[in-house]
Amino acid sequence: MFTTPLLAGLEAHRERIGQAAGLLTVAQYLAGWFICSDIRRRGTSAGVSPLRFIGGCGLSILQLQYSEKLQAPALIWTSIFTLAFSLLYSLWFWWYTPPSGRGALYRLTAAVATATAGLYAYGAQGDGPDVMYRLGMVLTVLALAFIALPLAQLRSIIRAKSSAGLPLPAILASTGATVLWLLYGLLINNTFIVVQKIIAMGLCTVQLSLFIIYPASTSSGGEKKKQ
């Protein structure tokens, strides 16, 4: 499907490229530790959304199923690692959630678990082209939504004229992983991965541009001048 002299030359290094992409993806998930560390420091998860962690569990399970269908080792072990991290972060979030707030956490968990189970059951029907196409479409939408999560802070960033609230290391890791997964998708001739990562590159570019438009130092500098 995708054939160029460059891709032909990189074919022998396909799994190494996938492994590098997987490492950067895992590094992106490691950024969740900073959120967990802040929760531990404050002694409560109040004010922090668990969607990234709970949603990450469901997304990783579905990605693992899809990766096994593709028989792509790099995608399989990456999904296993991201699932392990998401589960750990979710348990951490639960531990620091006060009893009064656990009801909302349980409802979100039940909703994600129900949707994941339904999609997983559909994917378990086989490896037919219709199943793979629909499962790939769903995963593309979910993965892009996950990548775009930091943009939920866009209004507060514009209001404060500072990108200090954005996780730069995680976004850089996501950008690097997106480039490598795009290359990997081209090498294994998977249209869904290619389209997903092209759109993801646009999202990463928007997020990185915010650091240029609204430097994190601008806000603090303005406060110093006022003092």
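Residues numbered from 1 in each chain as written. Predicted model: local features only at pLDDT ≥ 70, side-chain atom pairs only at ≥ 80, totals over all residues. Heavy atoms only, no water.

A. Examining the overall build of the protein more closely. Looking only at helices and strands, one finds 11 helices and 0 strands in the protein. Counting from the amino terminus, helix and strand elements in the protein follow one another as α-α-α-α-α-α-α-α-α-α-α. For 227 residues, the compact-globule formula gives about 17 Å, and the C-alpha radius of gyration of the protein, at 19 Å, lands near that figure. In terms of overall dimensions, the protein has C-alpha extents of about 60 × 45 × 25 Å along its principal axes. Scored against the burial criterion, the 227 residues of the protein give a buried share of 38%. Summed over all atoms, the accessible surface of the protein reaches about 12,300 Å², with 68% contributed by carbon and sulfur. Across the protein, 17 positive and 7 negative side-chain charges occur, with their mean positions spaced 17 Å apart. (Helix = DSSP H or I, 4+ residues; strand = E, 2+ residues; numbered from the N terminus. Rg over C-alpha atoms; globule rule 2.2 N^0.38 Å. Buried < 20%, exposed > 50% of the residue type's maximum accessible area, 1.4 Å probe, protein only. Areas by Shrake-Rupley, 256 points an atom, 1.4 Å probe, with all protein chains shown as cover. Lys, Arg positive; Asp, Glu negative; His and termini not counted. Charge placed at Lys NZ, Arg CZ, Asp CG, Glu CD.)

B. Quick look at unusual backbone geometry. Here the phi dihedral of Q71 falls at roughly 55°; this positive angle occurs in a residue that is not glycine. Note on placement: Q71 falls in the loop between helix 4 (51–70) and helix 5 (73–95). When its relative accessible area of 67% is taken as the criterion, Q71 is described as exposed. Although it is not a glycine, N189 adopts a positive phi angle of roughly 60°. Within the secondary structure layout, N189 lies in the loop between helix 9 (168–187) and helix 10 (191–213). Take N189: its relative accessible area is 33%, and that puts it in the partly exposed class.

C. How the structure looks around the packing of helix 7 (residues 129–147) against helix 10. Where helix 7 contacts helix 10, the axes come no closer than 10 Å and their chain directions differ by 10°. Here helix 7 is positioned roughly parallel relative to helix 10, judged by the angle of their axes. Every residue of helix 10 that contacts helix 7 at M132, Y133, G136, M137, L139, T140, A143, L144 and I147 is listed here: F192, Q196, I199, A200, L203, C204 and Q207. By residue class, the composition of the contact of helix 7 with helix 10 is 12 nonpolar, 4 polar and no charged. (Axes fitted to C-alpha atoms, helices over the stretch in contact; angles between N-to-C directions. Parallel < 35°, antiparallel > 145°, perpendicular 65-115°, else oblique. Contact = heavy atoms within 4.5 Å. Nonpolar A, V, L, I, M, F, W, Y, C, P; charged D, E, K, R; others polar.)

D. Region of the structure containing the packing of aromatic side chains. Enumeration according to the criterion identifies 10 aromatic pairs in this entry. Look at W77 and F81: their rings are 5.6 Å apart centre to centre, the planes differ by 90°, and that puts the pair in the edge-to-face class. Of this pair, W77 and F81 both sit in helix 5, 4 residues apart, which is roughly one turn of the helix. Here F81 falls in the partly exposed class, since its relative accessible area comes to 42%. Among the aromatic residues, those joined into a cluster by ring pairs are F53, F85, Y89 and F93. Over the face of the ring belonging to F146 we find R52, whose NZ or CZ atom lies 5.3 Å from the ring centre. Of note, R102 hangs over the ring of W94, and the distance from its end group to the ring centre comes to 4.3 Å. (Phe/Tyr/Trp six-rings, centres within 6.5 Å; stacked < 30°, edge-to-face > 60°. Lys NZ or Arg CZ within 6 Å of the ring centre and 35° of its normal.)

E. Focus on the nonpolar core. One finds F53, Y66, F85, Y89, F93 and L139 to be the most contacted residues of the largest nonpolar core, which totals 19 residues. No other element matches the 5 residues that helix 4 contributes to this core. Residues in contact with L139, not counting those within four places in the same chain, are L59, L62, Q63, Y66 and Q196. Counting 11 residues, the second-largest nonpolar core is a separate cluster that includes L7, A21, Y184 and L187. (Core = buried A, V, L, I, M, F, W, Y, C linked by side-chain atoms within 4.5 Å.)

So, to be careful, I would describe these as geometric facts and stop short of saying anything about function.
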